[in-house]
Amino acid sequence: MEEKKVRRIGVFTSGGDAPGMNAAIRAVTRTALHMGIECIGIRRGYHGLINCDVVPLDLGSVSGLSRQGGTMLYSARSKEFMTPEGREKALNTCKLLGIDGLVGIGGDGTFRGLLELSKLGISVVGIPGTIDNDISCSSYTIGFDTACNTALDSIDKLRDTMQSHERCSVVEVMGRHAGHLALYVGVACGATAVIVPERPFDAEQDILEPIRRARLNGRTHFMVIVAEGVEGGAYAVADQIRAATALDTRVTVLGHVQRGGSPSSRDRVTATYMGYEAVKLLAEGESGRVICLQNDQYVDMDINEALSMKKELDMQTYTVMRIMTGVDHAPDTVRPSRSDA
Ligand code: F6P
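Residues numbered from 1 in each chain as written. Predicted model: local features only at pLDDT ≥ 70, side-chain atom pairs only at ≥ 80, totals over all residues. Heavy atoms only, no water.

Engineer: Sorry, what's going on with the overall build of the protein chain here?
Structural biologist: When its secondary structure is counted, the protein chain shows eleven helices and eleven strands. For the protein chain, the spread of C-alpha atoms along the principal axes amounts to about 75 × 35 × 35 Å. In the protein chain, which comprises 341 residues, the share counted as buried stands at 52%. Within the protein chain, contacts between residues separated by at least 24 positions form 74% of all contacts whose residues are at least 6 apart in sequence. For the protein chain, the exposed surface amounts to about 15300 Å²; the carbon and sulfur share of it is 48%. (Helix = DSSP H or I, 4+ residues; strand = E, 2+ residues; numbered from the N terminus. Buried < 20%, exposed > 50% of the residue type's maximum accessible area, 1.4 Å probe, protein only. Contact = heavy atoms within 4.5 Å. Areas by Shrake-Rupley, 256 points an atom, 1.4 Å probe, with all protein chains shown as cover.)

Engineer: I would appreciate a short explanation of the site of the ligand in the present structure.
Structural biologist: The full set of residues close to the ligand is Arg77, Thr130, Asp132, Met174, Gly175, Arg176, Glu228, His256 and Arg259. Interatomic distance of 3.1 Å between a backbone N/O atom of glycine 175 and an oxygen atom of the ligand. Here an oxygen atom of the ligand and a backbone polar atom of arginine 176 are 3.4 Å apart. Taking 390 Å² as the accessible area of the ligand by itself, protein coverage stands at 79%. Of the residues belonging to the shell around the ligand, the class tally is one nonpolar, three polar and five charged. (Near = heavy atom within 4 Å. Polar contact = N/O pair within 3.5 Å; in protein donor to acceptor, adjacent residues only side chain to side chain. Nonpolar A, V, L, I, M, F, W, Y, C, P; charged D, E, K, R; others polar.)

Engineer: Would you explain the packing of aromatic side chains in this entry?
Structural biologist: Between two aromatic rings, the relevant description is the distance of the centres plus the angle of the planes. Under the defined criterion, the tally for this structure stands at five aromatic pairs. Ring pairing ties together the aromatic residues Phe12, Tyr46 and Phe81, which thus form one cluster. Here the basic side chain of arginine 44 rests over the ring of tyrosine 74, its NZ or CZ set 4.4 Å away from the ring centre. Looking at arginine 266, its charged tip hangs above the ring of tyrosine 140, at a distance of 3.8 Å from the centre. (Phe/Tyr/Trp six-rings, centres within 6.5 Å; stacked < 30°, edge-to-face > 60°. Lys NZ or Arg CZ within 6 Å of the ring centre and 35° of its normal.)

Engineer: Where do I start with the side chain of arginine 159 in this structure?
Structural biologist: One can find arginine 159 in helix 5 (residues 144-165). Within the structure, the side chain of arginine 159 is placed 2.8 Å from the backbone oxygen of cysteine 189, a separation counted as a polar contact. Arginine 159 has contacts with Cys189, Gly190, Ala191, Arg219, His221 and Met223, leaving out every residue within four places of it along the chain.

Engineer: Would you explain the sheet that holds strand 8 (residues 222-227) in this entry?
Structural biologist: The strands that make up a sheet pair up through hydrogen bonds in the backbone, lying either parallel or antiparallel. With parallel pairing, the four strands of this open sheet are ordered in space as 7-8-6-9. Looking at strand neighbours, the two that pair on one side only are strand 7 (193-195) and strand 9 (249-253), the edges of this open sheet. The mean angle between the axes of side-by-side strands here comes to 15°, regardless of whether they run parallel or antiparallel. Alignment of strand 6 (residues 168-173) against strand 8, held across six bridges, turns out to be parallel. Residue valine 171 lies in a different strand from strand 8, and its bridge partner there is isoleucine 225. (Pairing = 2+ DSSP bridges. Axes fitted to C-alpha atoms, helices over the stretch in contact; angles between N-to-C directions.)

This is the structure:
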(Lines give C-alpha, C1' and ligand atoms only; values in the text may rest on other atoms or scores of the structure.)
Protein backbone atom coordinates (compact mmCIF):
# COMPACT_ATOMS: atom_id res chain seq x y z
CA MET A 1 0.00 0.00 0.00
CA GLU A 2 1.16 3.50 -0.83
CA GLU A 3 2.51 5.53 2.07
CA LYS A 4 -0.07 7.96 3.43
CA LYS A 5 0.32 11.47 2.07
CA VAL A 6 -1.10 13.47 4.97
CA ARG A 7 -0.15 13.40 8.62
CA ARG A 8 -2.40 16.03 10.15
CA ILE A 9 -5.68 17.24 8.76
CA GLY A 10 -7.87 20.18 9.65
CA VAL A 11 -11.66 20.07 9.40
CA PHE A 12 -14.01 23.04 9.37
CA THR A 13 -17.58 24.06 8.60
CA SER A 14 -18.31 27.20 6.66
CA GLY A 15 -21.30 29.19 5.35
CA GLY A 16 -24.84 28.46 6.50
CA ASP A 17 -24.90 25.55 8.94
CA ALA A 18 -26.89 22.40 8.20
CA PRO A 19 -28.09 19.45 10.32
CA GLY A 20 -25.60 16.64 9.88
CA MET A 21 -22.47 18.79 9.85
CA ASN A 22 -21.58 17.43 13.29
CA ALA A 23 -21.95 13.87 12.04
CA ALA A 24 -19.53 14.74 9.23
CA ILE A 25 -17.00 16.22 11.69
CA ARG A 26 -17.26 13.05 13.75
CA ALA A 27 -16.77 10.83 10.68
CA VAL A 28 -13.75 12.84 9.52
CA THR A 29 -12.18 12.62 12.97
CA ARG A 30 -12.85 8.94 13.52
CA THR A 31 -11.68 7.98 10.03
CA ALA A 32 -8.52 10.06 10.38
CA LEU A 33 -7.66 8.53 13.75
CA HIS A 34 -8.35 5.07 12.36
CA MET A 35 -5.81 5.79 9.63
CA GLY A 36 -3.23 7.16 12.04
CA ILE A 37 -3.78 10.76 10.94
CA GLU A 38 -4.13 13.53 13.51
CA CYS A 39 -7.20 15.73 13.33
CA ILE A 40 -7.60 19.39 14.25
CA GLY A 41 -10.91 21.24 14.33
CA ILE A 42 -10.80 24.73 12.87
CA ARG A 43 -13.44 26.93 14.41
CA ARG A 44 -15.53 29.52 12.57
CA GLY A 45 -14.56 28.41 9.06
CA TYR A 46 -12.01 30.44 7.13
CA HIS A 47 -12.09 33.08 9.86
CA GLY A 48 -10.65 30.51 12.27
CA LEU A 49 -8.07 29.40 9.74
CA ILE A 50 -6.85 32.97 9.41
CA ASN A 51 -6.80 33.52 13.18
CA CYS A 52 -5.52 30.11 14.26
CA ASP A 53 -8.74 29.39 16.15
CA VAL A 54 -8.39 25.63 16.54
CA VAL A 55 -9.24 22.73 18.79
CA PRO A 56 -7.68 19.26 18.79
CA LEU A 57 -10.18 16.51 17.93
CA ASP A 58 -10.04 13.04 19.41
CA LEU A 59 -12.48 10.19 19.96
CA GLY A 60 -13.78 11.83 23.12
CA SER A 61 -14.43 15.25 21.60
CA VAL A 62 -16.63 13.85 18.82
CA SER A 63 -18.43 11.29 20.94
CA GLY A 64 -22.24 11.49 20.69
CA LEU A 65 -22.02 14.14 17.99
CA SER A 66 -24.07 12.46 15.23
CA ARG A 67 -27.40 13.33 16.71
CA GLN A 68 -26.63 16.99 17.42
CA GLY A 69 -27.80 19.81 15.19
CA GLY A 70 -25.67 22.87 14.40
CA THR A 71 -21.90 22.55 14.21
CA MET A 72 -19.58 22.17 17.20
CA LEU A 73 -16.92 24.01 15.18
CA TYR A 74 -19.17 27.04 14.62
CA SER A 75 -19.63 28.50 11.17
CA ALA A 76 -18.90 31.89 9.67
CA ARG A 77 -18.51 33.72 6.40
CA SER A 78 -15.10 35.43 6.10
CA LYS A 79 -14.55 38.56 4.00
CA GLU A 80 -10.84 38.60 4.88
CA PHE A 81 -10.31 35.23 3.24
CA MET A 82 -11.44 36.79 -0.07
CA THR A 83 -8.20 38.80 -0.07
CA PRO A 84 -4.72 37.41 -0.96
CA GLU A 85 -3.47 38.65 2.43
CA GLY A 86 -6.21 36.70 4.23
CA ARG A 87 -5.38 33.55 2.30
CA GLU A 88 -1.69 33.98 3.09
CA LYS A 89 -2.56 34.12 6.80
CA ALA A 90 -4.64 30.96 6.43
CA LEU A 91 -1.71 29.24 4.76
CA ASN A 92 0.59 30.35 7.58
CA THR A 93 -1.78 28.77 10.12
CA CYS A 94 -1.59 25.49 8.22
CA LYS A 95 2.21 25.67 8.16
CA LEU A 96 2.40 26.62 11.83
CA LEU A 97 0.19 23.72 12.89
CA GLY A 98 1.61 21.23 10.41
CA ILE A 99 -1.77 20.81 8.71
CA ASP A 100 -1.17 19.23 5.31
CA GLY A 101 -4.77 18.33 4.47
CA LEU A 102 -8.07 20.18 4.86
CA VAL A 103 -11.68 19.00 4.80
CA GLY A 104 -14.18 21.86 4.34
CA ILE A 105 -17.89 21.19 4.87
CA GLY A 106 -20.26 23.70 3.27
CA GLY A 107 -21.49 25.01 -0.06
CA ASP A 108 -20.05 26.58 -3.20
CA GLY A 109 -18.36 29.40 -1.25
CA THR A 110 -16.57 26.85 0.91
CA PHE A 111 -15.38 24.98 -2.18
CA ARG A 112 -14.10 28.17 -3.82
CA GLY A 113 -12.02 28.81 -0.70
CA LEU A 114 -10.64 25.27 -0.77
CA LEU A 115 -9.68 25.72 -4.40
CA GLU A 116 -7.65 28.82 -3.49
CA LEU A 117 -5.86 26.93 -0.71
CA SER A 118 -5.09 24.02 -2.99
CA LYS A 119 -3.34 26.49 -5.31
CA LEU A 120 -1.13 27.36 -2.32
CA GLY A 121 -0.10 23.74 -1.87
CA ILE A 122 -2.55 22.41 0.75
CA SER A 123 -4.38 19.16 -0.02
CA VAL A 124 -8.12 19.83 0.14
CA VAL A 125 -11.40 17.96 -0.09
CA GLY A 126 -14.91 19.47 0.10
CA ILE A 127 -18.07 17.93 1.52
CA PRO A 128 -21.43 19.38 0.40
CA GLY A 129 -23.40 20.56 3.41
CA THR A 130 -26.31 22.97 2.98
CA ILE A 131 -30.06 22.74 3.49
CA ASP A 132 -30.51 24.29 0.03
CA ASN A 133 -29.38 21.13 -1.84
CA ASP A 134 -27.97 23.49 -4.47
CA ILE A 135 -24.55 21.91 -5.10
CA SER A 136 -24.50 20.98 -8.76
CA CYS A 137 -22.15 18.03 -8.66
CA SER A 138 -24.10 16.16 -5.99
CA SER A 139 -27.69 15.02 -6.09
CA TYR A 140 -27.81 15.46 -2.33
CA THR A 141 -26.31 17.79 0.27
CA ILE A 142 -26.12 17.15 4.02
CA GLY A 143 -29.00 18.84 5.83
CA PHE A 144 -31.62 18.87 3.09
CA ASP A 145 -33.69 15.96 4.40
CA THR A 146 -33.81 17.30 7.96
CA ALA A 147 -34.75 20.78 6.72
CA CYS A 148 -37.55 19.29 4.58
CA ASN A 149 -38.88 17.36 7.57
CA THR A 150 -38.67 20.39 9.87
CA ALA A 151 -40.55 22.55 7.37
CA LEU A 152 -43.10 19.82 6.82
CA ASP A 153 -43.74 19.44 10.53
CA SER A 154 -44.50 23.17 10.82
CA ILE A 155 -46.65 23.16 7.70
CA ASP A 156 -48.70 20.21 8.95
CA LYS A 157 -49.39 22.16 12.13
CA LEU A 158 -50.25 25.28 10.17
CA ARG A 159 -52.63 23.27 8.07
CA ASP A 160 -54.62 22.30 11.17
CA THR A 161 -55.36 25.88 12.09
CA MET A 162 -55.83 26.98 8.45
CA GLN A 163 -58.41 24.22 8.08
CA SER A 164 -60.26 25.33 11.24
CA HIS A 165 -60.49 28.92 10.04
CA GLU A 166 -60.81 28.20 6.31
CA ARG A 167 -57.81 30.37 5.53
CA CYS A 168 -55.07 30.50 2.95
CA SER A 169 -51.56 30.00 4.26
CA VAL A 170 -48.56 31.33 2.36
CA VAL A 171 -45.41 29.73 3.75
CA GLU A 172 -41.93 30.92 2.89
CA VAL A 173 -39.20 28.31 3.09
CA MET A 174 -35.46 28.99 2.86
CA GLY A 175 -33.60 29.09 -0.42
CA ARG A 176 -32.18 32.45 -1.41
CA HIS A 177 -31.29 31.28 -4.90
CA ALA A 178 -32.73 27.78 -5.02
CA GLY A 179 -36.21 26.27 -4.94
CA HIS A 180 -35.29 22.63 -4.21
CA LEU A 181 -36.51 22.84 -0.61
CA ALA A 182 -39.76 24.60 -1.62
CA LEU A 183 -40.41 22.07 -4.36
CA TYR A 184 -39.87 18.98 -2.20
CA VAL A 185 -41.76 20.42 0.75
CA GLY A 186 -44.56 21.49 -1.58
CA VAL A 187 -44.96 18.00 -2.98
CA ALA A 188 -44.68 16.45 0.48
CA CYS A 189 -47.34 18.65 2.08
CA GLY A 190 -49.78 18.50 -0.82
CA ALA A 191 -49.58 22.24 -1.49
CA THR A 192 -52.16 24.11 -3.56
CA ALA A 193 -49.33 25.97 -5.31
CA VAL A 194 -45.51 26.07 -5.18
CA ILE A 195 -43.44 29.03 -6.40
CA VAL A 196 -39.67 28.73 -6.94
CA PRO A 197 -37.08 31.28 -8.11
CA GLU A 198 -35.81 29.11 -10.97
CA ARG A 199 -39.08 29.27 -12.91
CA PRO A 200 -41.02 32.37 -13.96
CA PHE A 201 -44.53 32.39 -12.59
CA ASP A 202 -47.80 33.96 -13.50
CA ALA A 203 -49.94 34.69 -10.41
CA GLU A 204 -53.18 34.07 -12.26
CA GLN A 205 -52.18 30.77 -13.77
CA ASP A 206 -49.84 29.38 -11.11
CA ILE A 207 -51.53 30.50 -7.87
CA LEU A 208 -55.05 31.88 -8.32
CA GLU A 209 -56.33 29.27 -10.77
CA PRO A 210 -55.17 26.33 -8.60
CA ILE A 211 -56.86 27.96 -5.60
CA ARG A 212 -60.12 28.46 -7.53
CA ARG A 213 -59.99 24.93 -8.86
CA ALA A 214 -59.38 23.54 -5.37
CA ARG A 215 -62.39 25.54 -4.10
CA LEU A 216 -64.56 24.13 -6.84
CA ASN A 217 -63.50 20.70 -5.70
CA GLY A 218 -64.63 21.44 -2.17
CA ARG A 219 -61.45 22.63 -0.47
CA THR A 220 -61.87 25.43 2.04
CA HIS A 221 -58.26 26.03 3.09
CA PHE A 222 -55.17 26.43 0.95
CA MET A 223 -51.41 26.02 1.31
CA VAL A 224 -49.08 28.00 -0.94
CA ILE A 225 -45.32 27.34 -0.62
CA VAL A 226 -42.93 30.09 -1.72
CA ALA A 227 -39.13 29.90 -1.82
CA GLU A 228 -37.29 32.75 -0.13
CA GLY A 229 -35.63 33.68 -3.42
CA VAL A 230 -38.89 34.49 -5.22
CA GLU A 231 -39.10 38.25 -5.74
CA GLY A 232 -41.01 39.85 -2.87
CA GLY A 233 -41.17 36.47 -1.08
CA ALA A 234 -44.30 35.21 0.65
CA TYR A 235 -45.62 38.69 1.44
CA ALA A 236 -45.84 39.69 -2.22
CA VAL A 237 -47.57 36.42 -3.09
CA ALA A 238 -50.04 36.87 -0.21
CA ASP A 239 -50.85 40.40 -1.44
CA GLN A 240 -51.68 39.01 -4.87
CA ILE A 241 -53.99 36.41 -3.35
CA ARG A 242 -55.72 39.01 -1.17
CA ALA A 243 -56.18 41.36 -4.11
CA ALA A 244 -57.84 38.67 -6.23
CA THR A 245 -59.84 36.66 -3.69
CA ALA A 246 -61.76 37.16 -0.47
CA LEU A 247 -59.61 34.59 1.29
CA ASP A 248 -58.26 35.35 4.74
CA THR A 249 -54.59 34.93 3.83
CA ARG A 250 -51.78 34.59 6.38
CA VAL A 251 -48.02 34.57 5.89
CA THR A 252 -45.55 32.38 7.81
CA VAL A 253 -41.82 32.73 7.21
CA LEU A 254 -40.22 29.57 8.57
CA GLY A 255 -36.71 31.05 8.54
CA HIS A 256 -33.77 29.66 10.49
CA VAL A 257 -35.79 27.04 12.33
CA GLN A 258 -35.20 24.99 9.16
CA ARG A 259 -31.45 24.97 9.78
CA GLY A 260 -31.68 23.49 13.25
CA GLY A 261 -32.66 20.25 14.90
CA SER A 262 -31.31 16.77 15.28
CA PRO A 263 -30.36 15.41 11.84
CA SER A 264 -32.50 12.74 10.19
CA SER A 265 -31.09 9.25 9.63
CA ARG A 266 -30.48 10.15 5.99
CA ASP A 267 -28.38 13.17 6.94
CA ARG A 268 -26.43 11.30 9.60
CA VAL A 269 -25.60 8.43 7.28
CA THR A 270 -24.78 10.66 4.29
CA ALA A 271 -22.56 12.83 6.48
CA THR A 272 -20.79 9.78 7.84
CA TYR A 273 -20.09 8.32 4.41
CA MET A 274 -18.94 11.65 3.04
CA GLY A 275 -16.64 12.29 6.00
CA TYR A 276 -15.12 8.85 5.57
CA GLU A 277 -14.66 9.29 1.80
CA ALA A 278 -13.05 12.71 2.25
CA VAL A 279 -10.34 11.45 4.60
CA LYS A 280 -9.77 8.36 2.49
CA LEU A 281 -9.06 10.58 -0.51
CA LEU A 282 -6.59 12.74 1.42
CA ALA A 283 -4.87 9.62 2.75
CA GLU A 284 -4.52 8.37 -0.81
CA GLY A 285 -2.73 11.59 -1.75
CA GLU A 286 -5.67 13.16 -3.62
CA SER A 287 -6.46 16.86 -3.50
CA GLY A 288 -8.84 19.39 -5.05
CA ARG A 289 -11.83 17.05 -4.90
CA VAL A 290 -15.46 17.29 -3.80
CA ILE A 291 -17.36 14.29 -2.46
CA CYS A 292 -20.64 13.84 -4.33
CA LEU A 293 -23.61 11.55 -4.31
CA GLN A 294 -24.45 10.47 -7.84
CA ASN A 295 -26.89 7.69 -8.72
CA ASP A 296 -26.80 6.54 -5.09
CA GLN A 297 -23.00 6.15 -5.21
CA TYR A 298 -20.44 8.22 -3.32
CA VAL A 299 -17.95 9.51 -5.87
CA ASP A 300 -15.55 12.44 -6.06
CA MET A 301 -15.07 15.19 -8.59
CA ASP A 302 -12.54 17.89 -9.38
CA ILE A 303 -13.46 21.10 -7.51
CA ASN A 304 -13.02 23.24 -10.63
CA GLU A 305 -15.40 21.05 -12.55
CA ALA A 306 -17.84 20.94 -9.65
CA LEU A 307 -17.87 24.73 -9.41
CA SER A 308 -18.41 25.18 -13.14
CA MET A 309 -21.65 23.18 -13.08
CA LYS A 310 -25.06 24.73 -12.52
CA LYS A 311 -27.67 22.84 -10.58
CA GLU A 312 -30.97 22.72 -12.40
CA LEU A 313 -34.31 22.26 -10.74
CA ASP A 314 -35.36 18.62 -10.65
CA MET A 315 -37.81 18.76 -13.56
CA GLN A 316 -39.36 15.41 -12.76
CA THR A 317 -40.37 16.67 -9.33
CA TYR A 318 -41.45 19.99 -10.86
CA THR A 319 -43.72 18.19 -13.32
CA VAL A 320 -45.18 16.01 -10.58
CA MET A 321 -45.75 19.10 -8.43
CA ARG A 322 -47.65 20.81 -11.27
CA ILE A 323 -49.89 17.81 -11.75
CA MET A 324 -50.49 17.39 -8.02
CA THR A 325 -51.31 21.08 -7.51
CA GLY A 326 -53.53 21.07 -10.59
CA VAL A 327 -51.63 23.82 -12.42
CA ASP A 328 -51.35 21.43 -15.34
CA HIS A 329 -54.84 20.11 -14.94
CA ALA A 330 -56.92 17.85 -17.12
CA PRO A 331 -60.13 19.66 -18.22
CA ASP A 332 -62.46 17.20 -16.50
CA THR A 333 -60.86 17.33 -13.05
CA VAL A 334 -63.16 20.14 -11.86
CA ARG A 335 -66.57 19.28 -10.51
CA PRO A 336 -68.83 21.75 -12.30
CA SER A 337 -71.75 21.73 -9.82
CA ARG A 338 -70.46 24.11 -7.07
CA SER A 339 -71.41 27.76 -7.37
CA ASP A 340 -69.29 29.33 -4.61
CA ALA A 341 -66.02 29.79 -6.54
O1 F6P B 1 -27.59 28.67 2.27
C2 F6P B 1 -28.37 28.27 3.32
C3 F6P B 1 -29.32 29.37 3.72
O4 F6P B 1 -30.06 28.92 4.82
C5 F6P B 1 -30.25 29.88 2.64
O6 F6P B 1 -31.36 29.06 2.40
C7 F6P B 1 -30.63 31.22 3.20
O8 F6P B 1 -31.06 32.07 2.19
C9 F6P B 1 -29.34 31.68 3.82
O10 F6P B 1 -28.60 30.51 4.14
C11 F6P B 1 -29.52 32.53 5.04
O12 F6P B 1 -28.26 32.92 5.50
P13 F6P B 1 -28.02 33.62 6.91
O14 F6P B 1 -28.10 32.56 7.95
O15 F6P B 1 -26.67 34.21 6.80
O16 F6P B 1 -29.11 34.63 7.07
